[in-house]
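# Summary of the model geometry
In case you want the letters, here they are:
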Amino acid sequence: MTLEASQRCLTRRRVVVGLTAPIAFGWATSAAAATRTAARERSILLYHCHTGELLRTVYFADGRYLPEALRTATHHLRDWRDNTERPVDPRLLDLLWSLGRRLETTAPIQVFCGYRSPRTNAMLRRTRHGAARHSLHMRAMAVDLQIESRSLRTVREAAVALRGGGVGYYPRSGFVHVDTGDIRYW
């Protein structure tokens, strides 16, 4: 992700937030209620920087993951290059939910990359430095992200503190990688 692409994401987000301000405001005003019901209900707000799609969904309620919400999240986090999908790891959604709570933000999590097909991963390995041969993106267990209202350093520190899996810090590219694999940092 280049700085230019990161800035495009921020610009698209401003447009989407402008169009969805009443929704976002309503969600923000219910933050206290969400804290009280956290054990019963979990929701996420994701903005995909490459597709321009906004996802707001309750994916966990009454002690269980909601199958339709998991399917919707799977589609949202698909490989945007070839439109392929793999079922998202529900623990990844929990990690994103926990990250938003830890950062005390209602801003959308801006997604640069979720699931990555083996073909896309191979292409990235050939053309860009850093794509892992056995990337957890290919198992729908990883997301590259940023949150506009928080610095990358702050997002990284919050993700590390959660101890929910791997955390990669890419300040030049403008994102933090989080995954539900083994706890490790780079």
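About the criteria used
Residues numbered from 1 in each chain as written. Predicted model: local features only at pLDDT ≥ 70, side-chain atom pairs only at ≥ 80, totals over all residues. Heavy atoms only, no water. Buried < 20%, exposed > 50% of the residue type's maximum accessible area, 1.4 Å probe, protein only. Helix = DSSP H or I, 4+ residues; strand = E, 2+ residues; numbered from the N terminus. Pairing = 2+ DSSP bridges. Core = buried A, V, L, I, M, F, W, Y, C linked by side-chain atoms within 4.5 Å. Contact = heavy atoms within 4.5 Å. pLDDT = per-residue confidence, 0-100. Salt bridge = Lys/Arg side-chain N within 4 Å of Asp/Glu carboxyl O.

## Focus: the pairing of strand β7 (residues 175–179)
Along any regular strand the residues' side chains alternate between the sheet's two faces. In terms of residue burial, β7 counts as a mostly covered element, since five of its five residues are buried. A two-sided burial pattern is seen for β7, the buried positions comprising F175, H177 and D179 on one face and V176 and V178 on the other. Bridging between strand β5 (residues 142–146) and β7 involves four bridges; their strand directions are antiparallel. When the sheet's bridge partners are listed, L145 is paired in β7 with V176.

## Here we look at the nonpolar core
Counting 30 residues, the largest nonpolar core has L46, L93, V143, L145 and V178 as the members making the most contacts within it. Only β1 (41–48), β2 (54–61), α3 (67–76), α4 (90–102), β4 (109–113), β5, α6 (152–162) and β7 provide two or more residues apiece to this core. Look past the residues within four positions of L93 in its chain and what remains in contact with it is I44, Y59, L70, A73, L77 and V88.

## Examining the confidence of the model for the chain
Low pLDDT marks regions whose predicted coordinates should not be analysed in detail. On average, residues of the chain score 86 in pLDDT, and 78% of them are at 70 or above. Within the model, the stretch residues 12–36 combines pLDDT values under 50 with 25 contacts to residues more than four positions away or in other chains.

## Section: the pattern of salt bridges
Scanning the entire structure with this criterion turns up seven salt bridges. In this structure, the salt-bridge partner of R71 is E68, at a minimum N-O distance of 2.9 Å. Pair noted here: R71 and E68 are both in helix α3, with a separation of three residues, about one helical turn. Here R184 and D179 are joined by a salt bridge, their closest N and O atoms 2.8 Å apart.

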